[in-house]
Amino acid sequence: MIVDRIDEIISKYKNEEGVLIQLLLDIQREFSWIPKKAIKRISDTLKIPVSQIYRVASFYTALNLTKRGRHLIRVCVGTACYVRGGPRILDSIERILGVKDGETTSDEKFTLETVNCLGCCALGPVIEVDGQYHGKLSSANVEKIISGYS
Amino acid sequence: MNKLKSPSDLEKLRKDILTKRDPKRLAISVCVSTGCQALGAQKVLEAFKEEIRKHGLKGEVDIKETGCLGFCEKGPRVVIYPEEVFYFQVKPTDVPEIVSKTLINNEIVERLLYTDPTTGETTRHLSEIPFYKYQNRLLLGNNNKIDPKEIKDYIALGGYAALAKVLFQMTPEQVLEEIRKSKLRGRGGGGFPTHRKWESTRNAPGEPKYVIVNCDEGDPGAFMNRALMEGNPHSILEGLIIGAYAIGSHEGFNYVRQEYPLAVENMEIAIKQAENIGLLGKDILGSGFDFEVKLHRGAGAFVSGESSALMTAIEGNVGEPRPKYVHTSEKGIWGKPSTLNNVETWANIPLIINNGAEWFASIGTAGSTGTKIFALAGKVNNTGLVEVPMGLTLRDIIYKVGGGIRNRKKFKGVQTGGPSGGVIPEQYLDSPVDFDELKKLGSMMGSGGMIVMDEDTCMVELARYFVNFLCDESCGKCVPCREGLKQARKILNGIVAGKGEEEDIKTLGEIAEVTSVSSLCALGTTSANPLLTTLRYFKDEYEAHIYEKRCPALMCKELISYYINPEKCQACMICFRNCPVDAVIGEKREIHVIDQSKCIKCGSCYDLCPPKFEAVTIMSGEPVPPPIPKEERLVKRVRKENPD
Ligand SMILES: Cc1cc2nc3c(=O)[nH]c(=O)nc-3n(C[C@H](O)[C@H](O)[C@H](O)COP(=O)(O)O)c2cc1C
Ligand code: FES
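Residues numbered from 1 in each chain as written. Chains lettered and ligands numbered in written order. Predicted model: local features only at pLDDT ≥ 70, side-chain atom pairs only at ≥ 80, totals over all residues. Heavy atoms only, no water.

Undergrad: What is the right way to look at the overall build of chain A in this model?
TA: A count of helices and strands for chain A gives seven helices and four strands. Oriented by its inertia axes, the alpha-carbon framework of chain A measures out at about 50 × 30 × 25 Å. Across chain A, the fraction of contacts at a sequence separation of at least 24, relative to all contacts at a separation of at least 6, is 59%. Roughly 6900 Å² of accessible area belongs to chain A as shown, and the carbon and sulfur atoms make up 50% of that amount. One way to put it: in chain A the 21 positive side-chain charges average out to a point 2 Å from where the 18 negative ones average out. (Helix = DSSP H or I, 4+ residues; strand = E, 2+ residues; numbered from the N terminus. Contact = heavy atoms within 4.5 Å. Areas by Shrake-Rupley, 256 points an atom, 1.4 Å probe, with all protein chains shown as cover. Lys, Arg positive; Asp, Glu negative; His and termini not counted. Charge placed at Lys NZ, Arg CZ, Asp CG, Glu CD.)

Undergrad: Looking at this structure, how should I read the pairing of strand E3 (residues 78–81) of chain B?
TA: Regular strands have side chains that alternate between both faces of the sheet. Residues and elements named next belong to chain B. The alternating pattern of E3 places Val78 and Ile80 on one face and Val79 and Tyr81 on the opposite face, and all of these are buried. Bridge analysis of strand E1 (residues 26–31) against E3 gives four bridges, and the strand direction is antiparallel. Within E3, the position partnered with Ile28 by the bridge is Ile80. Sheet topology places E3 next to strand E4 (residues 85–87); three bridges connect them, and they run antiparallel. What sits directly across from Ile80, in E4, is Val85. Connecting E3 to the next strand, E4, in antiparallel fashion are three residues, including Glu84 with a positive phi near 55°. (Buried < 20%, exposed > 50% of the residue type's maximum accessible area, 1.4 Å probe, protein only. Pairing = 2+ DSSP bridges.)

Undergrad: Just checking my understanding: could you explain the confidence of the model for chain B for this structure?
TA: Any region with low pLDDT has predicted coordinates that should not be read closely. Of the residues in chain B, 98% reach a pLDDT of 70 or more, and the chain-wide mean stands at 93. The ipTM, which scores confidence in the relative placement of chains, is 0.85 for this predicted complex, and the corresponding pTM is 0.91. (pLDDT = per-residue confidence, 0-100.)

Undergrad: Hey, could you run me through the pairing of strand E16 (residues 560–564) of chain B in this one?
TA: All names here are of chain B. By the criterion of burial, E16 is predominantly enclosed, with five of the five residues buried. The alternating pattern of E16 places Ile560, Tyr562 and Ile564 and Ser561 and Tyr563 on opposite faces, both of which are buried. Of the pairings in the sheet, the one linking E16 to strand E19 (residues 616–620) comprises five bridges and is antiparallel in character. Looking at the pairing, Tyr562 lines up with Ile618 of E19.

Undergrad: Honestly, the pattern of salt bridges in this entry has me stumped. Any pointers?
TA: Where charged atoms from two side chains of opposite charge come close, those side chains can pair. Residues and elements named next belong to chain B. Counting across every chain of the model gives 52 salt bridges over all chains. The partner of Arg124 in a salt bridge is Glu83, with the nearest N and O atoms 3.7 Å apart. Placement of the pair is Arg124 in the loop between strand E6 (122–123) and helix H5 (130–133) and Glu83 in the loop between E3 and E4, with a sequence separation of 41 residues. Exposure remark for Glu83: the relative accessible area of 37% places this residue in the partly exposed category. Each of the salt bridges in this network shares a partner with another, and the network as a whole consists of Lys91, Asp94, Glu97, Lys101 and Arg111. (Salt bridge = Lys/Arg side-chain N within 4 Å of Asp/Glu carboxyl O.)

Undergrad: Before we go on, may I ask you to explain the side chain of Glu230 of chain B in this structure?
TA: Residue and element names in this part refer to chain B. Mapped onto the fold, Glu230 is located in helix H10 (residues 224–231). Relative accessible area serves as the criterion here: at 2%, Glu230 is assigned to the buried category. Excluding its chain neighbours within four sequence positions, the residues that come into contact with Glu230 are Ser33, Thr34, Pro148, Leu262, Ala263 and Asn266.

Undergrad: Looking at this structure, how should I read the interface of chain A and chain B?
TA: Frequently, the measure chosen for interface size is the accessible area that the parts lose on association. Tallying the contact residues gives 40 residues for chain A and 63 residues for chain B. Summed over both sides, the interface between chain A and chain B buries roughly 4100 Å², with carbon and sulfur atoms accounting for 54% of that surface. At the boundary of chain A and chain B, one finds six salt bridges. With a shortest N-O distance of 3.9 Å, Glu73 of chain B and Arg84 of chain A are connected by a salt bridge. For the interface between chain A and chain B, the tally reads 20 residue pairs in polar contact (both at pLDDT 80 or more). Listed by contribution, the elements that provide at least two residues to the side of chain A that touches chain B are helix H2 (20–31), helix H4 (50–59), helix H5 (79–83), helix H6 (86–97) and strand E4 (132–134) of chain A. (Buried area = accessible area lost by both parts, 1.4 Å probe. Polar contact = N/O pair within 3.5 Å; in protein donor to acceptor, adjacent residues only side chain to side chain.)

Undergrad: Explain the site of ligand 1 to me, please; I cannot follow it from the model alone.
TA: Residue and element names in this part refer to chain B. In the neighbourhood of ligand 1, 19 residues make up the surrounding shell, with Gly188, Lys197, Asn341, Asn342 and Thr345 lying closest. In the model, an oxygen atom of ligand 1 is placed 3.3 Å from a nitrogen or oxygen of the Arg187 main chain. Contact between ligand 1 and Asn342: an oxygen atom at 2.7 Å from a side-chain N or O atom of the residue. Bound to the protein, ligand 1 loses 88% of the 610 Å² it would expose on its own. Counting residues per element, the ones that place at least two in the shell around ligand 1 are strand E10 (338–342) and helix H21 (522–526). Top element by residues in the shell around ligand 1 is E10. It accounts for three residues. Across the shell around ligand 1, the residue classes break down as four nonpolar, ten polar and five charged. (Near = heavy atom within 4 Å. Nonpolar A, V, L, I, M, F, W, Y, C, P; charged D, E, K, R; others polar.)

Undergrad: Honestly, the domain arrangement of chain B in this entry has me stumped. Any pointers?
TA: Residue and element names in this part refer to chain B. Each domain of chain B was delimited in the assignment, giving domain 1 (21–132), domain 2 (151–361), domain 3 (371–454), domain 4 (459–547) and domain 5 (558–641). One C-alpha centre belongs to domain 2, the other to domain 4, and the line joining them spans 35 Å. Domain 2 puts ten residues into the contact, and the matching count from domain 4 is nine residues. At the boundary of domain 2 and domain 4, one finds zero salt bridges. Run the count over domain 2 and domain 4 and you get two residue pairs in polar contact (both at pLDDT 80 or more). (Domains from an automatic or database assignment.)

Undergrad: Looking at this model, I keep getting lost on the sheet that holds strand E15 (residues 449–454) of chain B. Mind explaining?
TA: In a beta sheet, neighbouring strands are held together by backbone hydrogen bonds and run either parallel or antiparallel to one another. All names here are of chain B. With mixed pairing, the five strands of this open sheet are ordered in space as E12-E11-E15-E13-E14. Edge strands, defined here as strands with exactly one partner in the open sheet, are strand E12 (384–389) and strand E14 (422–425). For this sheet, the mean inter-axis angle between neighbouring strands, taken without regard to orientation, is 30°. Of the pairings in the sheet, the one linking strand E13 (residues 411–416) to E14 comprises four bridges and is antiparallel in character. Of the residues in E14, the one forming a bridge with Gln415 is Val423. (Axes fitted to C-alpha atoms, helices over the stretch in contact; angles between N-to-C directions.)

Undergrad: Teacher, can you tell me more about the packing of aromatic side chains here?
TA: Between two aromatic rings, the relevant description is the distance of the centres plus the angle of the planes. Residue and element names in this part refer to chain B. Enumeration according to the criterion identifies 19 aromatic pairs over all chains in this entry. Here Phe131 and Tyr132 contribute two aromatic rings whose centre-to-centre distance is 5.0 Å and whose plane-to-plane angle is 85°, an arrangement assigned as edge-to-face. With relative accessibility at 0%, the residue Phe131 sits in the buried group. An aromatic cluster of three or more residues is present, and its members are Phe71, Phe88, Tyr114, Phe131 and Tyr132. Over the ring of Tyr260 we find Arg226, and its NZ or CZ is 4.2 Å from the ring centre. Positioned above the aromatic ring of Phe374 is the side chain of Lys372, whose terminal nitrogen or guanidinium carbon lies 5.7 Å from the ring centre. (Phe/Tyr/Trp six-rings, centres within 6.5 Å; stacked < 30°, edge-to-face > 60°. Lys NZ or Arg CZ within 6 Å of the ring centre and 35° of its normal.)

In structure tokens, the structure reads:
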């Protein structure tokens, strides 16, 4: 099943040059991480060394080599959010979930990540949960937002 | 749709679109760019659709989903046409009233208009709002009239006319000459003259030649490029095609960071629509000129926005910079001549062609022409995107456009140029903002991030933040940047934790000097700016941290304590209930005390203590007074003078 889907994504890029990053982004979008299996398939099909794929996948923040929780919380720690209290929002979320930046809760419900800017700097501090943006946050309403996800 | 085969086909299409449009027709435009989305614009949009349906107005009212107008602070933003009434901070519950009053009866809903915070007067028109009054929105001004997913909207406003003009009335040399005369400088950071880059790629040996749009926008705290790409993607495409024609390129790339999904989506659609209509691809408008564009998503690395790194990424490799003994304009992607320009640089091109180089050069200052979009953020009242002529002073941008500092706090500094820019203090607020002036102050224009800080921001912590950011983002290829930043981070971490030592300031200065002259790419060479500017302008703060173990801005966690003033505490239990670690000791009618050994300094007590009590204070550099004895804690209620 998974392998079929992986092959399907790879086949889109078969005869093109310089596709590795785009391909990995597609895999990431589909599975929300880059499974080992996918790396093996890409390497076999496109004849790219596994080491090179790991190098790319580990360089970029948008690519993940570990499985992620059902919901992805991205906390902006960009400068604009930072001066308006972003670090305290991060502290609160870490405390509420009991995980640190980059980790997944033991029930696999949430993965917590930090990002450098979500592009809504005017509304800082900002977090994004599963693609939904929440702006002008305070420690108090963060708890409410998180409890809204099951 | 049929392909356009000549400039007159394009003109005919434009006229057709316009004649089919009734200028008196009712229309609603809702900003659906990311900023307004974060404030609930989608729900407002849905409410409009529902309300229009309920009133049976479906065929009579257009609903437009448009891009950002910049005033993100007051989103979601809605405009009602044909009267052009601007409403701000619209909630879904306001929608029925807007429809029944404004749309059907042409009445204004006063409370949703912009209200001037000082005079209390309301206004319906953008031009009267101070935030807009001082702007000159050449690039962003059309965002409320364009549905970015609809090429016809762009064409209706005269879009692609500049392209037609270039292809049929100008030689590539004439285009280059026009850009030279306009004195346009790159908006991506360095302010490099655009025509020089174009010429160098044009004249470099080797085929094919490439043109590239840089929408990596990795500068945290900046979103100008996002607004352009989300809101008016065709203006960028048109500029790119014109550049390709001048340079002699037939293949282009649009590099967009994947953190901007809407920008990616809108650009993808724009490319498709332009292809379908014959504005991209083979024989554009019947001119014989071929050009195609591919979209490349960036995977999130600040350094990948650097020109050689970005080109390496397009080749499919890890986006790291390489030494540039030969400029990328001569040897770029796959070793071929490549011109890379920022989104905003490209978007200026059609304006220059349409209005002429003299017109463009008359805006701004002698050395920096045109307008510049800034992302005004941080502790300023009107946050958002502002587009102003080059040369406006920092003070005008922050106080006139930005409406001054939030909560009546004192201004401390403004960071321009992103993580590798510098902090500019109060005494230079009257400096005009252009490429050269900012450089003189030790900062830079960068891509246009402008983050305002007040007295509550600690400058040492800020320097630590930037150094930490750059250290994380350094690709690690060259030693000065990789090791220098690491050592600087270690020292700064020590200072903010109260472990600073006397020689730290000197060592930091030395590190900054070495990285700034010997790093491989501009990430390293400019990384010294935040250090050097904070050291130059805010040395007293470093000294307070090092010698007195005190953080004057009361920000550095290790150096502050929260304390409840027993004279002021009214035992309201709010901090007691909200402390996440139960560090507040207290009961009803008993003055609260913080158990310092338990306190994690999260600041909830400080935030939540009602302003009428102001009992929680932050202390730094002095010992916290011991808790008052239990028997003295019974609260003496202050009599309420004002029952509400
Ligand atoms: C670390 C680093 C990051 C950069 N990031 C960006 C970016 O996100 N967007 C951008 O347009 N330019 C960025 N630049 C500048 C580019 O290298 C390049 O100068 C610019 O895209 C050229 O366009 P312009 O001539 O139109 O300014 C960055 C440079 C460095 C050193
Ligand atoms: S800095 Fe947080 S969204 Fe840009």
